[in-house]
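The residues making up each chain are set out below.
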Amino acid sequence: MSRTEAPPLPEPLRVPVADSHTHLDMQDATVEEGLARAAAVNVTTVIQVGCDVAGSRWAAETAAAHANVHAAVALHPNEAPRIVHGDPDGRSRQGAREGGGQAALHEALAEIDALAALDHVRGVGETGLDCFRTGPEGMAAQEESFRAHIEIAKRHGKALVIHDREAHADVLRILADAGAPERTVFHCYSGDADMARICADAGYFMSFAGNVTFKNAQPLRDALAVAPMELVLVETDAPFLTPAPYRGRPNAPYLIPVTLRAMAEVKGVDEDTLASAVSENTARAFDY
């Protein structure tokens, strides 16, 4: 089986659900093809997430053109330091670029702010902290950007979508310090059961991706087991994090049923019960 070959369509869900976090602009199919495939398995809504100014504009335009697509807009945590300090290796989709300093970051944040005001933009994110790809020299730019996104989300009454990679304590600290928006979503939840209890106490939504199915992901399954049903979402983060048994092959919203069924097993409930909860939770999280 080729690593580049798309996995087959799973058995459709009986209850329609939403993919709470996807990147249609990074997938091989057209938007229309991707949405049709998702609808065929009863994944009827997607949240399209921007990671930079261009991607956030695209997310907003795509949501405006499709009733079942909602947008989230942001500078990804790794994007902020690249804007400030430059990206000589061209690791992001923009390729190599010079640093523009604080002024360039503020200009980019102003654009995210303007997009966040649009009605079909339902979230501000993915924002947060990433200690995996960004070294210590970029953390100040990340934190400044994160705090600005929190403020934008609160001002526009939008959900905050968090990217937290190897930065749990700092993310929780900044949320507590800045005051989290009313609706906060930990995208691709990556903490353990103890952190899930902290998030639950704060009322933060936890969105689980295909990596919850990976063999080495027992701490994630333990977190899911203790996460309250009313705070659980499901996502693909496509084209990344394809669930087992298709790990390493391209992910897309139509594979949500594979992850949701694995999650239902962990929660000890039937898939319809979990799908109904997830559907309601996603609509509540993103206020649609």
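Source: prediction; values computed, not measured.

Draft legend 1. View of the side chain of Arg 183. Note on placement: Arg 183 falls in the loop between α6 (168-178) and β8 (184-186). There is no salt bridge for the buried Arg 183, and the closest opposite charge comes from Asp 287, which lies 4.3 Å off by N-O distance. Setting aside residues no more than four positions away along its own chain, Arg 183 makes contact with Gly 157, Lys 158, Ala 159, Leu 160, Arg 284, Ala 285, Phe 286 and Asp 287.

Draft legend 2. Local environment of the environment of Gly 99. Its location among the elements puts Gly 99 in the loop between β5 (97-98) and α4 (101-116). By relative accessible area, Gly 99 is classed as partly exposed at 40%. Sequence separation between Gly 99 and Gly 86 is 13 residues, and the spatial gap between their C-alpha atoms is 3.4 Å. Leaving out residues up to four positions away in the same chain, Gly 99 has contacts with Arg 82, Ile 83, Val 84, His 85 and Gly 86.

Draft legend 3. How the structure looks around the sheet that holds β8. Here 8 strands make up an open sheet; going across it, the order is β1-β2-β3-β6-β7-β8-β9-β10 and the pairing parallel. Both edges of this open sheet fall to β1 (17-22) and β10 (232-234), since each of them pairs with a single strand only. The average undirected angle you get between the axes of adjacent strands in this sheet is 30 degrees. With 6 bridges connecting them, strand β6 (residues 121-130) and strand β7 (residues 159-165) associate as parallel partners.

Draft legend 4. Seen up close, the pairing of β7. Among the 7 residues in β7, 6 count as buried, and that is most of the element. You can see the chain leave β6, run along helix α5 (residues 139-156) and come back into β7, and the turn it takes is right-handed. Pairing of β7 with β8, which is carried by 3 bridges, proceeds in the parallel orientation. Looking at β8, one finds that Ile 162 is bridged to Phe 186. In this region the chain leaves β7, passes through α6 and returns to the parallel neighbour β8; the handedness of that crossover is right-handed.

Quick notes on the rules
Residues numbered from 1 in each chain as written. Predicted model: local features only at pLDDT ≥ 70, side-chain atom pairs only at ≥ 80, totals over all residues. Heavy atoms only, no water. Helix = DSSP H or I, 4+ residues; strand = E, 2+ residues; numbered from the N terminus. Buried < 20%, exposed > 50% of the residue type's maximum accessible area, 1.4 Å probe, protein only. Lys, Arg positive; Asp, Glu negative; His and termini not counted. Salt bridge = Lys/Arg side-chain N within 4 Å of Asp/Glu carboxyl O. Contact = heavy atoms within 4.5 Å. Pairing = 2+ DSSP bridges. Axes fitted to C-alpha atoms, helices over the stretch in contact; angles between N-to-C directions. Right-handed = clockwise from strand over helix to strand, strands pointing away.

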